[in-house]
Amino acid sequence: EVQLVESGGGSVQAGGSLTLSCTTSGLNFERWDMGWYRQAPGKKCELVSYISDNGRTYYVDAVKGRFTISQDNAKNTVTLQMNGLKPEDTAVYYCATVIESSLPCETVRSSGIGHWGQGTQVTVSS
């Protein structure tokens, strides 16, 4: 089976850093764009960042200059380095395959296409 497992979440003070990791199995990793979504209570889910199969990276405006996505094709892992964290970054972060970056999270998840992890909580206090 395909499995995506996130790790690295936790609680930090504003301005701190966290590194989220996603380990995958059963996935033809190099054939997928891989990304990180997040959802905070009362907020819409959003695609934070993704990396394409050719290595190009994309970031939502709110995290540009602070977050860095990378992947290790040999280990089939994807990492999100988060620096300068802000309280508004508080959310559950999900590792997922990215089918179409413009699609709402709900549409992607309900479609049954692609793969999602269970999420990891990131909490940033002021």
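Keep in mind that this is a model prediction, so the values were computed, not measured. (Residues numbered from 1 in each chain as written. Predicted model: local features only at pLDDT ≥ 70, side-chain atom pairs only at ≥ 80, totals over all residues. Heavy atoms only, no water.)

K.L.:
How would you summarise the overall build of the protein if you had to cite specific residues and measurements?
P.N.:
If you tally the helices and strands in the protein, you get 1 helix and 10 strands. Start at the N end of the protein and walk to the C end: the helices and strands fall as β-β-β-β-β-β-β-β-β-α-β. Here the C-alpha atoms of the protein give a radius of gyration of 13 Å, agreeing with the 14 Å that 2.2 N^0.38 yields for 126 residues. Along the longest, intermediate and shortest principal axes, the C-alpha atoms of the protein span 40 × 30 × 25 Å. Residues counted as buried form 38% of the 126 residues belonging to the protein. On the protein, the mean spot of the 10 positive side-chain charges and the mean spot of the 12 negative ones are 6 Å from each other. (Helix = DSSP H or I, 4+ residues; strand = E, 2+ residues; numbered from the N terminus. Rg over C-alpha atoms; globule rule 2.2 N^0.38 Å. Buried < 20%, exposed > 50% of the residue type's maximum accessible area, 1.4 Å probe, protein only. Lys, Arg positive; Asp, Glu negative; His and termini not counted. Charge placed at Lys NZ, Arg CZ, Asp CG, Glu CD.)

K.L.:
Quick rundown of the packing of aromatic side chains? Include the residues and the values.
P.N.:
In this structure the tally under the stated criterion is 3 aromatic pairs. Taken together, a centroid distance of 5.9 Å and an interplanar angle of 65° make the contact between Y94 and W116 edge-to-face. Taken together, the residues Y94 in strand β9 (residues 91-98) and W116 in the loop between α1 (105-111) and β10 (120-125) connect sequence positions 22 residues apart. Pair check on accessibility: Y94 and W116 agree, each one buried. Within the aromatic cluster, the residues linked to one another by ring pairs are Y37, Y94 and W116. The ring of Y94 is capped by R109, whose NZ or CZ atom sits 4.9 Å from the centre of that ring. (Phe/Tyr/Trp six-rings, centres within 6.5 Å; stacked < 30°, edge-to-face > 60°. Lys NZ or Arg CZ within 6 Å of the ring centre and 35° of its normal.)

K.L.:
Residue-level account of the sheet that holds strand β5 (residues 46-51), with values.
P.N.:
Read across the open sheet, the 6 strands follow the order β2-β10-β9-β4-β5-β6; overall the sheet is mixed. Each having just a single partner strand, β2 (10-13) and β6 (57-59) make up the two edges of the open sheet. Each adjacent strand pair in this sheet contributes to an overall mean axis angle of 25°, direction not counted. With 5 bridges joining them, strand β4 (residues 33-39) and β5 adopt antiparallel strand pairing. Pairing of W36 across the sheet is with S49, part of β5. (Pairing = 2+ DSSP bridges. Axes fitted to C-alpha atoms, helices over the stretch in contact; angles between N-to-C directions.)

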